[in-house]
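What the coordinates show
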Amino acid sequence: MKRKYIGIERKEARWGFAFTVPAILFFSLFSFYPILNALYTSMFDKRVLSLAAPKFMGFGNYSYIFTSPDFWNSIRATFVFTLGTFLPIVIFSLMLAVFMVNLKSNKVRGFFQIAYYTPAVISSVVAAAIWLIMFDPRGLGNQWLNALLRTPGVDRKWLADATMVQVSTMVVYFWKYIGYFVVLFITGLSAIPPAIYEAATIDGSSKWQAFWRITLPLLKPTVVLVSIMAMLQCLKTFSTQYLFVQGGAPRAPINVITLNIYTTGIRNQRIGRASAMSIVLFLIMLLFTWMQFRFSKSEEVEY
Amino acid sequence: MKKTVLVLIALMLFIAPLAAQGPKEEQGPIVLKYWTHEDPNRTRIEDRYIQEFQAANPNITIERTTQASTKMMELVQTAFAANSGPDIFNISIEDEYQYIVNGRVAPVNPQAAGYKDLKDLLDTYTDGILDPVTLDGNVYGLPLELTNWCIFINKKVFRSAGLDPEKDYPKTWEEMADLSEKLVIRDGDILIRRGFDFRYPYYLVAFLPMVEQLGGQLISDDGKTAIVNEQAWLKFLTFMQQWGPSGRNLGSPTYKNARNLFNKDNNDIAMATTGLYQIGRIRAENPAFYNSKEWMVVPFPVFKDAVQDVAASFYGHYLMVNAQSSKATQDAAWKFIGYMLSHAEEYLTEVSLIQPKKALFASDAYKNIPYSDVFTKDFDRGHIVYYGAASAEFQTLIRSAVESVILSGETPEKALATLKRDAQELLDEQL
């Protein structure tokens, strides 16, 4: 009987697999299983409190949500929030990171890093609660803006107006997450060897040219990473919108998909329908992540 | 390998439903998990009841957990969804009803709760008050409290605006808006002091009765049509539109809760709508204001051209017992509930909670509570809050309609059309 030959690469691969087993088990339990369970549940008319066997609906929940104006409003609210938050976050966090890397004083740089990063470690619920107080008609939001613009007594309707409440949720998210992405960009910028800039300076390049011709191309993997992370965070946004609605803000303008999932599944107890929504959100996130990878064609940069 | 993964996935998918359990049988000491909403005054007396009950029943331990009332609904529901609900809980009846129809709560054991039989239990409570928790001849909950809302008035604020609270208090909603206009203090568009403001999350308790005053209904008598009498709904939505920042700017859901501000007596609210329990809270939070007698309670207003006199709906928090707890635990739970509820007068005098027992309404303790007569008369004018399998969803729809006219600039006609469409669709799903 011929003995099966196992190459050294294959042997190493077995060890590699063994080391990844804990991670696979973790993700299977806390990520893959909930996704598959949601997919399974989305096929049934399942109610949270019912002990009776749920009725099989096939794609009934999906056809319902795709004909529901409420769900399409949630798609709109999610995309408005994502575009309004993710683009400014990526652009401004890159600008701030470049600004901070170029600071000569380490103390000043450290101060800015801490100042920008602090909101990221505050829980989303606390952050939203702080801003809820600031956006109260008698709160600091109106007071500061009116003092700055010399417009006493004007109510900016931070939470009351349909447009303003969307802007308010974006402001909270921007404030909370910008520091986190600044740190990621600083890490990416620090990896670019100074010798490249020195060579460019000798060749007569200006700082502006160095940014567009050296920094940005070499920072591409970090830009892709930050873009994907920021976009996924924005698509998953929940706590800010939830707390604002609890605080009296109108639901419809900020009824993002996650909030709709909560209302449908928990308030209205239709867990099957909520599962269908969560699967749609998952597919949207998967599609956008794939598109970003596909179109950015991220190359590994080696120095 | 692929087969193994597929088998594992299939197993995982089916394990969870199998984990659903029926009543557990339990031997030995009993631990009762009791979840209820925060109320410091009630905590004080219930902690004492727990100590007394445990001393008399050494094999029973009670773990009492409190949460914000706004969080209770979802916490209890999430726990029940995972088949690990508390043994005893209370939430508002419009949310509790689903636990009954879904078989998640156990019927009252009258003997364990201290009654001779079911008839004795029914005779103890005022007529009809156990109807919302009665299904197929079984009673599934005992009322911890029955609440209706009237209007609390700060007399000082009235007088500061040149008004006589005893004479000028609002009898109609139109007067409420006009009085608020006189009482309000603004810094430009910003309200520094409000005359009155609504309790916005509670659309079935206080807003639906306003529609009913005008002849409207949420559901028709035959149960087949939602949003009956569109003219009444339109008038109500127009009133709310005028109330908000885009109308007369008298109030908005985005301002601080009027009921909480009222206790502080900080000259920022003149009137709030709330229940008798507010008296206990004023006394606890601001004794000086309580003792000053600078507050009064008047009936829930009606529209000037109301076709029927309807006060705010009353709602109950019923204590219920988890049907998945063991029989011994269920009996222990009813025994403890019966013990707590046997102190109806103390609940009234210490916490200002009304247990709708015939004896309590006839007692001097009830009659001596300030303004209890106002609440009693409004009980007679009102009815139990709408409850049903989809009450939470109906409330969400009414909320969306009101918010869209107050805050989103939608016309009452458009908001009504959306409400009518969605409510009818929801009702059709129930049929």
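Residues numbered from 1 in each chain as written. Chains lettered and ligands numbered in written order. Predicted model: local features only at pLDDT ≥ 70, side-chain atom pairs only at ≥ 80, totals over all residues. Heavy atoms only, no water.

**What to know about the pattern of salt bridges**
To keep things clear, this is the line we draw: For this document, the term salt bridge refers to a Lys or Arg side-chain nitrogen within 4 Å of an Asp or Glu carboxyl oxygen. Numbered from the N terminus, helices here are DSSP runs of H or I no shorter than four residues, and strands are runs of E no shorter than two. For each residue, the accessible area found with a 1.4 Å probe, counting protein chains only, is set against the maximum for its type, and the residue is called buried under 20%, exposed over 50%, and partly exposed in between.
What the rule picks out here adds up to 29 salt bridges over all chains. Across the salt bridge formed by B:Glu393 and A:Arg270, the nearest N and O atoms sit 2.9 Å from each other. On the criterion of chain membership, the pair formed by B:Glu393 in helix α19 (residues 391-406) and A:Arg270 in the loop between α12 (257-267) and α13 (271-296) is interchain, its members lying in two chains. Assessed through its relative accessible area of 4%, A:Arg270 is described here as buried. For B:Arg48, the salt bridge is made with B:Glu346, and the minimal N-O distance between the two is 2.8 Å.

**Focus: the sheet that holds strand β13 (residues 295-298) of chain B**
Residue and element names in this part refer to chain B. Convention followed: One requirement defines pairing of two strands: DSSP has to find at least two bridges between them. Helix axes are fitted to C-alpha atoms over the stretch in contact, other axes to C-alpha atoms as well, and angles between N-to-C directions run from 0 to 180 degrees. Here, residues are in contact when the closest pair of their heavy atoms is within 4.5 Å.
An order of β8-β9-β12-β7-β13 is seen for the five strands of this open sheet, with the pairing classed as mixed. Of all the strands in the sheet, the pair left with one neighbour each is β8 (185-187) and β13. Across this sheet, the average inter-strand angle for adjacent strands is 30°, counted without regard to direction. In terms of strand pairing, strand β9 (residues 190-197) meets strand β12 (residues 269-274) through three bridges, oriented parallel. Of the residues in β12, the one forming a bridge with Phe196 is Met271. Contacting β7 (150-154), β12 and β13, helix α12 (residues 277-285) runs over the sheet at an angle of about 30° to β7. Sitting on the sheet, helix α18 (residues 372-381) touches β7, β12 and β13, and the angle it makes with β7 is about 150°.

**Describing the interface of chain A and chain B**
Condition: Defined here as a combined quantity, buried area equals the accessible surface (1.4 Å probe) lost by two parts on assembly, summed across both. Polar here means any residue outside two lists: the nonpolar Ala, Val, Leu, Ile, Met, Phe, Trp, Tyr, Cys and Pro, and the charged Asp, Glu, Lys and Arg; Gly therefore counts as polar.
Of the residues lining the interface, 43 residues belong to chain A; the matching set on chain B comes to 46 residues. Regarding the contact of chain A and chain B, the summed buried area is about 3700 Å², with carbon and sulfur atoms giving 52% of it. Looking only at chain A, the three residues that lose the most surface to chain B are A:Leu49, A:Arg138 and A:Arg267, adding up to 18% of its buried area. Across the contact surface, chain A and chain B share four salt bridges. For A:Arg267, the salt bridge is made with B:Asp95, and the minimal N-O distance between the two is 3.7 Å. For the side of chain A that touches chain B, the secondary structure elements donating two or more residues are α1 (8-41), α6 (140-149), α11 (239-246) and α12 of chain A. For the side of chain A that touches chain B, the element with the most residues is α1(A), which contributes seven residues. For the side of chain A that touches chain B, a count of residues per class yields 22 nonpolar, twelve polar and nine charged.

**So, the domain arrangement of chain B**
Residues and elements named next belong to chain B. Stated precisely, the cut-off is as follows: Bear in mind that the domain bounds are from an automatic or database domain assignment. Residues adjacent in sequence count toward polar contacts only when both atoms are side-chain atoms; beyond that, a polar contact is any pair of N or O atoms within 3.5 Å, and within protein one must be able to donate a hydrogen and the other to accept it.
By the assigned domains, chain B splits into domain 1 (24-147 + 315-371) and domain 2 (150-312 + 389-430). Taking only C-alpha atoms, the centre of domain 1 and the centre of domain 2 are 30 Å apart. Opposite the 18 residues of domain 1 that make contact, domain 2 presents 17 residues. In total, about 1500 Å² of surface goes out of reach between domain 1 and domain 2, with carbon and sulfur atoms giving 57% of it. Contact with domain 2 buries surface across domain 1, with Glu94, Ser352 and Tyr371 losing the most and accounting together for 37% of the total. Here domain 1 and domain 2 share one salt bridge between them. Between Arg281 and Asp39 there is a salt bridge, with its nearest N and O atoms 3.6 Å apart. Linking domain 1 to domain 2 there are six residue pairs in polar contact (both at pLDDT 80 or more). Within the residue set of the side of domain 1 that touches domain 2, elements represented by two or more residues are α4 (93-101) and α15 (344-351). Partitioning the side of domain 1 that touches domain 2 into residue classes produces nine nonpolar, five polar and four charged.

**Examining the side chain of B:Gln278**
Position of B:Gln278 relative to the elements: it lies in helix α12. Within the local environment of B:Gln278, its side chain forms a polar contact with the side chain of B:Asn263, the two groups lying 2.6 Å apart.

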